[in-house]
Amino acid sequence: MSPSQEAPLARPEPASAAGVSAYAQVLPSSAEIGPDGHLAIGGCDLAELADAHGTPLVVYDEGHLRRTAHDFADAMSRHAPGGEVVYASKAYWGLAMLRVVHEAGLAVDVASGGELHAALAAGVPADRIYMHGNNKDEREIEELLAARVGAVVLDGFDELDRLERAAAARGVTQRVLVRVTPGVSGDTHEYISTGQVDSKFGFPLASGDAAAAIERVRESPSLELGGLHVHIGSQLLDLSGFPSAAAVLARLAREVGAEDLGLINMGGGLGVAYTRDQRPPSIDEFVATVVEAVRAAWSAEGIPMPRLAIEPGRAVVARAGVTVYRVGGVKDIPGVRRYVSVDGGMSDLLRPMLYGATYEALRVTRPADEPVEPVRLVGKHCESGDVLISEAHLPEVAAGDLICLPATGAYGVAMASNYNGVPRPAVVFVDEGHARVVARRETYADLLSREL
Ligand code: LLP
């Protein structure tokens, strides 16, 4: 039976009163322990959801998502009225997710033809879409022109030429932002740091390429300059890179002439807490810091304050999502460690393996029971490195138990693969005691559907 057909659960105790308050930072705000001791999200018992829909199961608290998207929009309207919040859909581009963020008033950043296709299919108006990508090919350029997207974020001279030719051939003028590599990077993992000079992204400022790109766009009858873009990095827990990036951009704007640089998109990057000890800046602090950085930098250069955009992905969706796994086996190696194997792993959550990212784990039943010796939580893939959590602090677990990993809502299912022929998980949205499947679990038939 689908949980959405059941009566809503009896109102459980709030998490703070029920023993998972220590995890409040990483769980959705609706997390609580239900009457039978099970962890529940959005009023839905995770054990019931796992029984109904199988595991691994990605569960998003829709109410939490709506509030977070709204908090971004609200912070922007208070700190920089008229500014724009653009959801970076690479964090998770499911149609239900895109509808939630669009309804909350956010624009959408897409980084490929596929993400563009998803945003259009979700009903996001084309003029609310920003097209990114460091190597937009001819097909993607035709697609974005046909859709009439609001802006293209230009990343290099070759694609500038391709876009110009294609727009001219269609007789249209395409609005663009020039992506600048400022030579300032965020303090984060090197794989997700993008603002440094040595980067595949954007037009380097130091070499003069950024200024040259701006000139090329100004001269082009088929392109219209809308402004500048910068993204210094991702999972930033420290926002000190923004004033430096803004200062560098403002100097460039003064040097090249700021009159047609109406929009400055400062990118995304706000970090989230994956573990209980992490304390990311709040949404309000992030928006206030970015707005103040731009205001101060533009005023120092004596040029009028532009319209502002930010482009968060992770911080919109990470904490709203959890993944539920079922334990398949426990292996003790005396004097070494205990391995606990679950029915997913690197195919649905690659971040631990790719970036050494750390997560918390909770047992779904009575999660607040006393933890035993740390265990190594591993996936089911044929790789020794398929480790979800190297030292997980869990109460006693046995085969059949359910484990919940919080804060898996960003770059989890969005980076999922079929490695080892493992079908990708189902995605469920929960809200006020009701659950709806928004993406069904992949089947074996899906796995073979492209084989000829
Ligand atoms: N804008 C641009 C141009 C970006 O490249 C990115 C992320 C964002 C916005 C959104 O950044 P966010 O607010 O989510 O930090 N797979 C990695 C993250 C890669 C981020 C790439 N670009 C991870 O799992 O940590």
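Residues numbered from 1 in each chain as written. Predicted model: local features only at pLDDT ≥ 70, side-chain atom pairs only at ≥ 80, totals over all residues. Heavy atoms only, no water.

**Side note on the site of the ligand**
Around the ligand there are 20 residues in total, and Ser234, Glu311, Arg351, Tyr355 and Tyr411 lie nearest to it. For the ligand, an oxygen atom lies 2.8 Å from a polar atom in the backbone of Arg314. Within the side chain of Tyr355, a nitrogen or oxygen atom sits 2.7 Å from a nitrogen atom of the ligand. Look at the ligand: alone it shows 580 Å² of surface, and the protein chains cover 92% of it. Looking at the shell around the ligand residue by residue, the classes come out as six nonpolar, eight polar and six charged. Per-domain counts for the shell around the ligand show at least three residues from each of domain 1 (19-62 + 319-447) and domain 2 (80-316). (Near = heavy atom within 4 Å. Polar contact = N/O pair within 3.5 Å; in protein donor to acceptor, adjacent residues only side chain to side chain. Areas by Shrake-Rupley, 256 points an atom, 1.4 Å probe, with all protein chains shown as cover. Nonpolar A, V, L, I, M, F, W, Y, C, P; charged D, E, K, R; others polar. Domains from an automatic or database assignment.)

**Structural notes on the nonpolar core**
Counting 111 residues, the largest nonpolar core has Tyr60, Phe72, Tyr87, Met266, Leu377 and Leu405 as the members making the most contacts within it. When residues of this core are assigned to domains, at least three map to each of domain 1 (19-62 + 319-447) and domain 2 (80-316). Each residue touching Leu405, except ones within four places of it in the same chain, is listed here: Val322, Thr323, Tyr325, Leu349, Tyr359, Glu360, Ala361, Leu377, Leu388 and Ile389. Ranked by size, the runner-up nonpolar core spans 26 residues in total, among them Leu27, Ala273, Leu362 and Cys404. (Core = buried A, V, L, I, M, F, W, Y, C linked by side-chain atoms within 4.5 Å. Buried < 20%, exposed > 50% of the residue type's maximum accessible area, 1.4 Å probe, protein only. Contact = heavy atoms within 4.5 Å.)

**Focus on the environment of Asp401**
Inspection of the secondary structure assignment puts Asp401 in the loop between strand 19 (387-392) and strand 20 (402-406). Filtering out sequence-adjacent residues up to four positions away, Asp401 remains in contact with Tyr325, Arg326, Val327, Arg363 and Glu396. A polar side-chain atom of Asp401 sits 2.9 Å from the main-chain amide nitrogen of Ala398. (Helix = DSSP H or I, 4+ residues; strand = E, 2+ residues; numbered from the N terminus.)

**Topic: unusual backbone geometry**
Glycine aside, residues mostly have negative phi, and peptide bonds are mostly found in the trans state. Here the residue pair Thr55 and Pro56 is connected by a cis peptide bond, since its omega of -5° sits within 30 degrees of zero. Mapped onto the elements of the fold, Pro56 is located in the loop between helix 2 (46-53) and strand 5 (57-61). If you check the backbone angles, Arg148 has positive phi at about 65° while not being a glycine. Secondary-structure assignment places Arg148 in the loop between helix 6 (138-147) and strand 9 (151-154). With a phi angle near 55°, Gln235 is a residue other than glycine that sits in the positive phi range. By the secondary structure assignment, Gln235 is in the loop between strand 12 (223-229) and helix 9 (241-256). The buried category is assigned to Gln235, whose relative accessible area is 10%.

**Overview of the confidence of the model for the chain**
In the predicted model, the chain carries a mean pLDDT of 94, and 94% of its residues have values of at least 70. Under a pLDDT of 50 for its full length, residues 1-17 has, in the predicted model, 33 contacts with residues more than four places off or in other chains. (pLDDT = per-residue confidence, 0-100.)

**As for the pattern of salt bridges**
For the structure on display, the rule yields 25 salt bridges. Residue Arg128 pairs with Glu84 through a salt bridge whose shortest N-O separation is 2.4 Å. Taken as a pair, Arg128 in the loop between helix 5 (113-121) and strand 8 (129-131) and Glu84 in strand 6 (residues 84-88) lie far apart in primary sequence, 44 residues in all. The partly exposed category is assigned to Arg128, whose relative accessible area is 22%. Its relative accessible area of 8% is what places Glu84 among the buried residues. Between Arg218 and Glu215 there is a salt bridge, with the nearest N and O atoms lying 3.0 Å from each other. A residue pair is termed a helical-turn pair when its members lie 3 or 4 positions apart in one helix, as Arg218 and Glu215 do in helix 8 (residues 209-219) at three residues. Here Glu215 falls in the partly exposed class, since its relative accessible area comes to 35%. The structure contains a network of salt bridges with shared partners spanning Glu62, Arg66, Glu103 and Arg436. (Salt bridge = Lys/Arg side-chain N within 4 Å of Asp/Glu carboxyl O.)

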